[in-house]
Structure formats: C-alpha cells, structure tokens
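Observations on the three-dimensional arrangement
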Amino acid sequence: MAAIFLVGARAAGKTTVGLELARLLACPFTDTDQHLREHLGRTVAEVVAAEGWPGFRARESAALREVAEAKGNRTARLREVLLGKAPALRRETGPVRFPWLNASQEKAVNQVLCAKEVAVVHGPPGTGKTTTLVEAVYETLHRENQVMVSAQSNTAVDWIAEKLVDRGIPVLRIGNPTRVNDKMLAFTYERRFEAHSDYPELWQIRKTIREMTGRLRKSGREDRERLHNQLTKLRVRATGLEIRIDTELFTEARVIACTLVGAASRVLERKRFSSL
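Read on for an overview of the structure. (Residues numbered from 1 in each chain as written. Predicted model: local features only at pLDDT ≥ 70, side-chain atom pairs only at ≥ 80, totals over all residues. Heavy atoms only, no water.)

**Quick look at the nonpolar core**
Using the following cut-off: For our purposes a nonpolar core is just a set of buried Ala, Val, Leu, Ile, Met, Phe, Trp, Tyr and Cys residues, chained together by side-chain atoms within 4.5 Å. Relative accessible area decides the class of each residue, using a 1.4 Å probe on protein chains only: under 20% of the type maximum gives buried, over 50% gives exposed, and in between gives partly exposed. Note on conventions: DSSP H or I runs of at least 4 residues are helices, E runs of at least 2 residues are strands, and numbering of each starts at the N terminus. Contacts are residue-level and defined by heavy atoms, with any inter-residue pair within 4.5 Å sufficient.
Judged by nonpolar contacts, the single largest core of 24 residues is most densely connected at Leu172, Ile174, Tyr189, Phe250 and Leu268. Here the element with the most residues in this core is helix H11 (residues 221-252); it accounts for eight residues. Beyond its immediate stretch of four places on either side in the chain, Tyr189 contacts Leu172, Arg173, Ile174, Asp246, Leu249, Phe250 and Val267. Core analysis: the next-biggest nonpolar cluster, separate from the first, contains 17 residues, Val134, Ile160, Val171 and Val180 among them.

**Digging into a nonpolar patch on the surface**
Short version of the rule: Grouping into patches uses exposed residues only, defined as over 30% relative accessible area, and leaves out salt-bridged ones; the cut-off is 9 Å for like charges and 5 Å for nonpolar side chains (Val, Leu, Ile, Met, Phe, Trp, Tyr). Computed by Shrake-Rupley with a 1.4 Å probe, the accessible areas treat only the displayed protein chains as cover when residues are assessed. Throughout this description, the term salt bridge denotes a Lys or Arg side-chain nitrogen within 4 Å of a carboxyl oxygen of Asp or Glu.
Taken together, Ile4, Leu6, Val17, Leu21, Leu24 and Leu25 make up a surface patch of nonpolar side chains, about 500 Å² in accessible area. With respect to the helices and strands, the residue Leu6 is situated in the segment before helix H1 (14-25). Classification of Leu6 by relative accessible area gives partly exposed; the value is 38%.

**Notes on the sheet that holds strand S2 (residues 171-173)**
We count it as follows: A pair of strands is considered paired only if DSSP assigns at least 2 bridges between the two. Interaxial angles span 0 to 180 degrees and are taken between N-to-C directions of axes, which are lines fitted to C-alpha atoms, for helices over the stretch in contact.
With parallel pairing, three strands are arranged side by side in an open sheet as S1-S3-S2. The open sheet is flanked by strand S1 (147-151) and S2, the only strands paired with a single partner. Each adjacent strand pair in this sheet contributes to an overall mean axis angle of 25 degrees, direction not counted. With three bridges connecting them, S2 and strand S3 (residues 255-259) associate as parallel partners.

**Quick notes on the pattern of salt bridges**
Close approach of charged atoms lets side chains of opposite charge pair. Applying the stated criterion to the full structure yields 11 salt bridges. Here Arg192 makes a salt bridge to Glu252, at a shortest N to O gap of 3.2 Å. Separated by 60 residues along the polypeptide, Arg192 in helix H9 (residues 189-195) and Glu252 in helix H11 bring together distant segments of the chain. The residue Glu242 makes a salt bridge to Arg206 at a minimum N-O spacing of 2.9 Å. Of the two residues, Glu242 is situated in helix H11 and Arg206 in helix H10 (residues 199-216); the sequence distance between them amounts to 36 residues. Overall, the relative accessible area of 29% leaves Glu242 in the partly exposed class.

The following block contains the structure:
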C-alpha cells in the first residue's frame, strides 16, 4: 500500500481521520506532531515559539520524509513489519497457561510473549484487550526487570497502570500530574520525588541557592567571590541529590508508564527499555 498523507488546517480532525483510516485499512498511523515531540522533546507550541511557523513546517516535512523514506534502520524495519511487507521476528517459547483468561485472551498473551519486535492485540470494545495487555506485562516482568507501558491518552495509561498497581507492581507514572487521575497521582514522578527521604535537604539547598543568588547581585567584589564558591558547592550537592533520587525512583519501579508524548520527557532521556 502506498503511503497516505493527510493535510489540513489546525484542529481540522486529521488525527481522528487518520486513526480511523488506519483501523479500517489495518495499517500503521504516524502523527507528525507526535513524532516531532518524541524526537525533539518539545511541544509544537515550543517549536513555533522558538522557530516560528516556517521552522515548524520545515521540521514537519523532514519528519514525513524520515518515516516514509527510511532505509536500513530501525524505523524502516518496523515500517515494513507493520505494513506486512516483512515478517515480525519471534522467539520460540512454550505456551503459558492462564486459566483465568478465556481462550482468545490466553492466545493473545502468548503471542505477545513470543514477539521479539512487535505484537498487535486488537478487537472490539469489551473483549478484554486491557486485561490481556496487563497479563502480558505481568508475565514479561517474570523475565525482565523493567517494562515501559505507553498509550496515546492519559486515560488509557492510567487504566492499565491502575490494574498493574492492583497486582502489586511498583509503577512510576511519567507525565503532567494535572492530567493523571487521582489514584495514580501518588505514583507520579513528581510526587514520588517529593516523598523521597532526601528531598527535604534538596528543597532547603534550593531555597538557600535562590537567597544567595539574590544577595550576589548586591554584594561587593570580595563577597561576590565567596558567595560564588559557596553557590558552586551547593549546586554540586543539589545535583548529586537529584541524581540519587532519580536513580532510586527508576531502580525501584518495575513499570514506567507514560503517554506517547510523555515518552519524550526529559526524565526519560538516555533511559532504555527492552520491552515497550
């Protein structure tokens, strides 16, 4: 199938139409806005503010070419698999029994566990797709230390994350806390960061740095040098605490949950996951 490009004004419904077309045609869908957010780590508004609409359109066109013309890399490989032009790689494993699932759910979970690249679980509403995915994640955690769970909407992410929390899985929710539901709010990166035992010391150091920075502007040359030295030591200590808290949060979590846009968060930079 040739690539289909949807063009239209902002808020015209391109994403809605694209998702429905992808469902009907059984082909992958790529949102260029989302693609840019994931690769640049910035929102569309931030790109426009920094580079203007011409700059954004240039990046958007480059993103389209990158996906459509990719050759010999991971993007090209996954594109061919999702279009059905290349078989997805699988691992040979014996079937796992899940007596509490129905036959189709059990089969779907085993297909996910056998997949080395990608597995698709689809079906009409109410057929147990979320239950199937939760079981697949739970079983994968018997083989791997950590899994990333991602979905297009915050509601979908929270729904899966809640079920994993109910199973006793430590979840770290990445994303804007104002978009997270009440139950998962306590599991957000921000809330867990502030609940860490080292946070009170970090908060006090940050407060001291702000106060000293204000005094620095009004100080003389001799005081300025002394304050600079003190600020340097405080910043080094603050950075050390931030790194330690961040490391412990990610080490303790078995599941990292976020939206597709949230996957571009700065806290996930240089993080790698064997399964998504």
